[in-house]
Amino acid sequence: MISSKYRALSAATRLDSRLIRRSLISTQSTEQGIPPPLTGIRVLDLTRVLAGPSCTMLLADMGTDVIKVEEVTRGDDTRSWLPPSAAVSPNSPKESLHLPPESAYFLAVNRNKRSITVNFKDPAGLEVMQRLVRTSDVLVENFIAGKLAGMGLGWEDCKVLNPRLVYASITGYGQTGPFREAAGYDVIIEAEAGLMHITGEPDRPPSKVGVAVTDLMTGLYAHGAILAGLHSVQHTGKGVWIDCNLFETQLAGLANIASNYLIAGKEASRHGTAHPSIVPYQVFPCKGGFLMIGAGNDKQFRLLAERILEKPELADDARFANNAARVANREALVDIITQVLQRHERDYWIGRFTGLGVPFGPINNIQQTFAHPQVGARQATVEVDHPRAGKVRMVAPPVTYNGKRMPVRRPPPWLSQHTKEVMLELGYSQNEIAELRARKII
């Protein structure tokens, strides 16, 4: 039964009052950035791993109250993906001492969230979830299509509880079609939706991208779709079911490669770091490292030949006089450039390239990446205090508003850190919370 302390407050009323508050805030000075624009919006996060959590983290960065619902004993799968992990602080809360260290993977995509644990396969846990649905503006889930509906938390169930709810489903293949019940894994979608076919060297097997880019793109699409859904609710008063999936996201991510096939029937192939239609436009080795060079037009190529490589005769050689000729004689030109670059160290060539207008960049490892002067100048990392891990350094939100980033208000939560806090907000009494804990419902 619902505690007497629990007072149902419709998401519609809460959202309207928030919009009034935000309109008052918007009149204030924005010289120091802008207030988090989604303050007051509650997001019920039933996602795990990467695509869903990256989406909800972006929403959290903009001020939403993201309540991450996790499995009672293990939590998000990525909590156990270690090493690497953050060192456990000797001052960790005693309630968390039984937990493993905080994995680096989990810490990467869960800032600004609260964590609760609920077993909603149990009717008492389902009631907890129903209360959360009633008081949330957005629900994001990444279960296999139809799974939550079978547990009483599908779109049709939730829109009865909250007619203004934005319900976002993130799956591998979408809510319809012959693959609707197939699980979605980034690397499998990379293979199945064309990305792996075009990634890697031409004489080697296909390769995956070094980071789960399809998951991340899907999180970005879902995040944008949720913002559109919230806007739609304000105009129509009706909730929205968003169907976002890895497969169609990757199709869209093929961009011009997809268009080449759809418009002209042109099949794609692997080119390593090279460009099929521009030469030189690839990674070249030098002493002690590699450089990416992209001389995309004749002017840039002449600068490369005369000012950087000190081989002016290349610009006047008929084999290399224009891009079409350079493409036709790719192998010969690449060999010449490689021989010249291998005479000197990477830093020497960086000095020669800098300031001339020829696109280039060193191939940095991760240590070199975070030592890049732009990282410090832009304050692209942030250090936060974590209750279990002490000082934790992480990538900062990558967008600024009037020169300021959205704040990291909360470190990534430890498992079940906010269960009692949220349960009290939902109107459960201390005794009810203790009983649900004893039964391992929360």
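Within each chain, residues carry numbers counting from 1 in the order of the written sequence. For a predicted model such as this one, the threshold for reporting local features is a pLDDT of at least 70, and the threshold for listing and counting side-chain atom pairs is 80 or more; totals across whole chains, interfaces and linings nevertheless cover every residue. Note: side-chain values were computed over all heavy atoms of the structure, leaving out hydrogens and water.

Draft legend 1. Structural context of the packing of helix α2 (residues 51–61) against helix α7 (residues 213–236). Packing of α2 against α7 leaves a shortest axis separation of 8 Å and a crossing angle of 45°. As the angle between them shows, α2 and α7 are arranged oblique. The handedness of the crossing between α2 and α7 is right-handed. Contacts between α2 and α7 involve A51, S54, C55, L58 and L59 from the former and D215, L216, T218, G219, L220, A222, H223, I226 and L227 from the latter. In this description, a line fitted to the C-alpha atoms serves as the axis of each element, helices being fitted only across the stretch in contact, and the angle between N-to-C directions of two axes falls anywhere from 0 to 180 degrees. Runs of E in the DSSP output that reach at least two residues are strands. Runs of H or I that reach at least four are helices, and both are numbered from the N terminus. Roughly parallel refers to an angle under 35 degrees, roughly antiparallel to one over 145, roughly perpendicular to one between 65 and 115, and oblique to any angle outside these ranges. Handedness of a helix crossing follows the sense of rotation of the near helix relative to the far helix, less than a right angle counterclockwise being left-handed and clockwise being right-handed. Whether two residues are in contact is decided by their heavy atoms: any pair within 4.5 Å suffices.

Draft legend 2. Region of the structure containing the nonpolar core. Residues belong to a common nonpolar core when they are buried Ala, Val, Leu, Ile, Met, Phe, Trp, Tyr or Cys residues joined through side-chain atoms within 4.5 Å. For the exposure calls, accessible area comes from a 1.4 Å probe over protein chains only, and a residue counts as buried if that area is under 20% of its type's maximum, exposed if over 50%, partly exposed in between. Within the largest apolar cluster, 30 residues are counted, with the highest numbers of intra-cluster contacts made by L46, V69, F120, M129 and L132. Elements supplying a minimum of two residues to this core: β1 (42–46), β2 (65–70), α4 (123–134), α5 (155–161), α17 (419–425) and α18 (430–438). Each residue touching L46, except ones within four places of it in the same chain, is listed here: V69, F120, M129, L139, V140, E141, N142, F143 and L148.

Draft legend 3. Spatial organisation of α4. By definition here, a helix of n residues has an expected span of 1.5 Å times n minus one. End to end, α4 covers 16 Å across 12 residues, agreeing with the expected 16 Å (1.5 Å per residue, within 8%). Those residues of α4 that fall on the buried side of the exposure criterion are A124, G125, L126, V128, M129, R131, L132 and V133. At the N-terminal end of α4, a side-chain oxygen is found 2.8 Å from the backbone nitrogen of A124, two or three residues along, and the residue is D122. We call two N or O atoms a polar contact when they sit within 3.5 Å, provided that within protein one can donate a hydrogen and the other can accept it, with sequence-adjacent residues counted only if both atoms are side-chain atoms.

Draft legend 4. Broad picture of the pairing of strand β3 (residues 113–117). Judged by how many residues are buried, β3 sits mostly within the fold: 5 of 5 residues are covered. Neither face of β3 is exposed, since K113, S115 and T117 on one face and R114 and I116 on the opposite face are all buried.

Draft legend 5. Geometry of the state of the cysteines. When two cysteine sulfur atoms are found within 2.5 Å, that pair is recorded as a disulfide. The tally for this structure, following the rule as stated, stands at 0 disulfides. Between C55, a free cysteine, and C244, which holds the nearest cysteine sulfur, the sulfur-to-sulfur gap is 7.7 Å. C158 carries a free sulfur, and the closest cysteine sulfur to it, the one in C55, is 16 Å from it. Taking the relative accessible area as the measure of exposure, C158 reaches 0% and is therefore buried.

Draft legend 6. Summary view of the sheet that holds strand β7 (residues 281–286). Pairing in this open sheet of 3 strands is antiparallel, and the strands run β7-β8-β9 from one edge to the other. The open sheet terminates on both sides in strands that have one partner only, identified here as β7 and β9 (360–362). The average angle at which neighbouring strand axes cross in this sheet is 20°, direction not considered. Packing against the sheet, helix α13 (residues 330–341) makes contact with β7 and β8 (289–294), and its axis sits at approximately 35° to β7. Contacting β7, β8 and β9, helix α14 (residues 346–353) runs over the sheet at an angle of about 25° to β8. A pair of strands is treated as paired once DSSP finds two or more bridges between them.

Draft legend 7. Inspection of unusual backbone geometry at higher detail. With an omega dihedral of 0°, the bond running from P83 to P84 counts as a cis peptide bond. The step from V279 to P280 runs through a cis peptide bond, and the omega angle for that step is -5°. Within the secondary structure, P280 sits in the loop between α9 (256–264) and β7. A positive phi angle is found at S416, which is not glycine, with a value near 70°. In this structure, S416 sits in the loop between β13 (404–405) and α17.

Draft legend 8. The arrangement of the packing of aromatic side chains in detail. Two rings from Phe, Tyr or Trp (for Trp, the six-membered ring) form a pair when their centres are within 6.5 Å of each other. A pair whose planes differ by under 30 degrees is stacked, one over 60 is edge-to-face, and the rest are tilted. Tallied over the entire structure, the rule returns 9 aromatic pairs. Aromatic side chains W81 and Y105 sit 5.0 Å apart centroid to centroid with 90° between the ring planes, which places their arrangement in the edge-to-face category. In this pair, W81 is assigned in the loop between β2 and α3 (104–108) and Y105 in helix α3, connecting sequence segments 24 residues apart. The exposure class of W81 is partly exposed, given its relative accessible area of 40%. For the ring pair W155 and W241, a centre distance of 6.3 Å and an interplane angle of 20° mean the geometry is stacked. Here W241 lies in strand β6 (residues 240–245) and W155 lies in helix α5, a separation of 86 residues in the sequence. According to the relative accessible area criterion, W241 is partly exposed, its value standing at 38%. Cluster of aromatic residues (ring-pair linked, three or more members): W155, Y167 and W241. Here, a charge over a ring means that NZ of Lys or CZ of Arg falls within 6 Å of the ring centre while also lying within 35 degrees of the ring normal. Geometry around Y428 places R131 over its ring, the cationic atom sitting 3.7 Å from the centre.

Draft legend 9. Geometry of the packing of helix α10 (residues 298–308) against α14. Packing of α10 against α14 brings their axes to within 10 Å, and their N-to-C directions diverge by 120°. Relative to α14, the element α10 is oriented oblique. In the packing of α10 onto α14, the handedness of the crossing is right-handed. Residues L304, R307 and I308 of α10 form the contact with α14, whose participating residues are W349, R352 and F353. As a working rule, the residues Ala, Val, Leu, Ile, Met, Phe, Trp, Tyr, Cys and Pro are called nonpolar, Asp, Glu, Lys and Arg charged, and the rest polar, with Gly in that last group. Taken together, the residues of the contact of α10 with α14 sort by class into 4 nonpolar, no polar and 2 charged.

Draft legend 10. A look at the pattern of salt bridges. We define a salt bridge as a contact between a side-chain nitrogen of Lys or Arg and a carboxyl oxygen of Asp or Glu at a distance within 4 Å. According to the stated counting rule, one finds 24 salt bridges in the structure shown. The closest approach of N and O atoms between E102 and R79, which form a salt bridge, is 3.4 Å. One end of the pair, E102, is in the loop between β2 and α3; the other, R79, is in the loop between β2 and α3, with 23 residues separating them in the sequence. R79 gets classed as buried once you look at its relative accessible area, which sits at 8%. Residue R114 is joined to E425 by a salt bridge in which the shortest nitrogen-to-oxygen separation is 2.8 Å. Of this pair, R114 sits in strand β3 while E425 is found in helix α17, placing the two residues 311 residues apart along the sequence. Since its relative accessible area comes to 3%, R114 is described here as buried. Relative accessible area serves as the criterion here: at 42%, E425 is assigned to the partly exposed category. Salt bridges sharing partners connect three or more residues here, namely R42, D65, R114, E421 and E425.

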